[in-house]
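So the chains spell out like this:
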Amino acid sequence: MSTHRNNRIIHDQGQIYRLQREERSYLQETHNQTELHIKEIAGLDIGEFQAMAKGSLGESEYLNIKKELFIKSTGKAHIIFDIQKLQNFTLAIANPNDQPIHGSLYISPDNGHYASTINKIEIESSQLEILDCQKRLRFVKVEIAGQTGDKGLVFLQGEK
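Since we're looking at a predicted model, the values are computed, not measured.

Novice: Can you break down the sheet that holds strand β7 (residues 101-108) residue by residue, with the values?
Specialist: If you walk across this open sheet you meet the four strands as β5-β10-β7-β8, and the pairing is antiparallel. Single-partner strands in this sheet number two, and they are β5 (76-82) and β8 (115-123). Here the average twist between neighbouring strands, direction ignored, is 15°. As paired elements, β7 and strand β10 (residues 139-145) share seven bridges and run antiparallel to each other. Residue pairing across strands places serine 104 opposite glutamate 143, the latter belonging to β10.

Novice: How would you sum up the environment of aspartate 98? Please name residues and give values.
Specialist: Considering the arrangement of structural elements, one finds aspartate 98 in the loop between β6 (88-94) and β7. For aspartate 98, a relative accessible area of 75% puts it in the exposed group. Sequence spacing of aspartate 98 and serine 126 is 28 residues, and the spatial spacing of their C-alpha atoms is 7.5 Å.

Novice: Pulling in residues and values, what's your account of the pattern of salt bridges?
Specialist: Per the counting criterion, the structure on display carries two salt bridges. Between glutamate 68 and lysine 151 there is a salt bridge whose closest N-O contact spans 2.8 Å. Of this pair, glutamate 68 sits in strand β4 (residues 62-70) while lysine 151 sits in strand β11 (residues 151-159), placing them 83 residues apart in sequence. Classification of glutamate 68 as buried rests on a relative accessible area of 14%. A salt bridge links arginine 138 to aspartate 82; its shortest N-O distance comes to 3.0 Å. Of this pair, arginine 138 sits in the loop between β9 (128-131) and β10 while aspartate 82 sits in strand β5, and the two are 56 residues apart along the sequence.

Novice: If you had to explain the environment of alanine 92 to someone new, which residues and values would you point to?
Specialist: Mapped onto the fold, alanine 92 is located in strand β6. In sequence terms alanine 92 and glycine 103 are 11 residues apart; their C-alpha atoms lie 9.5 Å from each other. With residues near it in sequence (within four places) discarded, alanine 92 still touches Leu128, Glu129, Ile130, Leu131, Leu153, Val154 and Phe155.

Thresholds applied
- Residues numbered from 1 in each chain as written.
- Predicted model: local features only at pLDDT ≥ 70, side-chain atom pairs only at ≥ 80, totals over all residues.
- Heavy atoms only, no water.
- Pairing = 2+ DSSP bridges.
- Helix = DSSP H or I, 4+ residues; strand = E, 2+ residues; numbered from the N terminus.
- Axes fitted to C-alpha atoms, helices over the stretch in contact; angles between N-to-C directions.
- Buried < 20%, exposed > 50% of the residue type's maximum accessible area, 1.4 Å probe, protein only.
- Salt bridge = Lys/Arg side-chain N within 4 Å of Asp/Glu carboxyl O.
- Contact = heavy atoms within 4.5 Å.

Following this line, the structure appears as structure tokens:
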């Protein structure tokens, strides 16, 4: 597993931002596939206004995760996120392939029983689809379906 970190402070017109970025790349064995290459890019942006420096400082933490999923021989691949600590979040699927893939969204209170909220939307080649999750439980599962070996990029962005 390789990890790269990049931390920097930016001063911009009365605001101070601390940007932290972490990128990991590793191989993971799964029960349906010998190995799955996952590249994870997680970023955390924390902004503080200098005008608030004399009073109490309010911090907002932002989560930015990008996962690359490869479709297995079953024709599907999925990823599960625990969104319990996120106040707001957005999910999206990008299709970098030459042919369309399908995306679905499921929610669960216990990571065992899932209900479908979005069932098989088609994502054209080189397109990005936002998954609107109006109902909220602790876990969300994003599933992609298509040809074996195709991939999908899943994005989770949220505010803690």
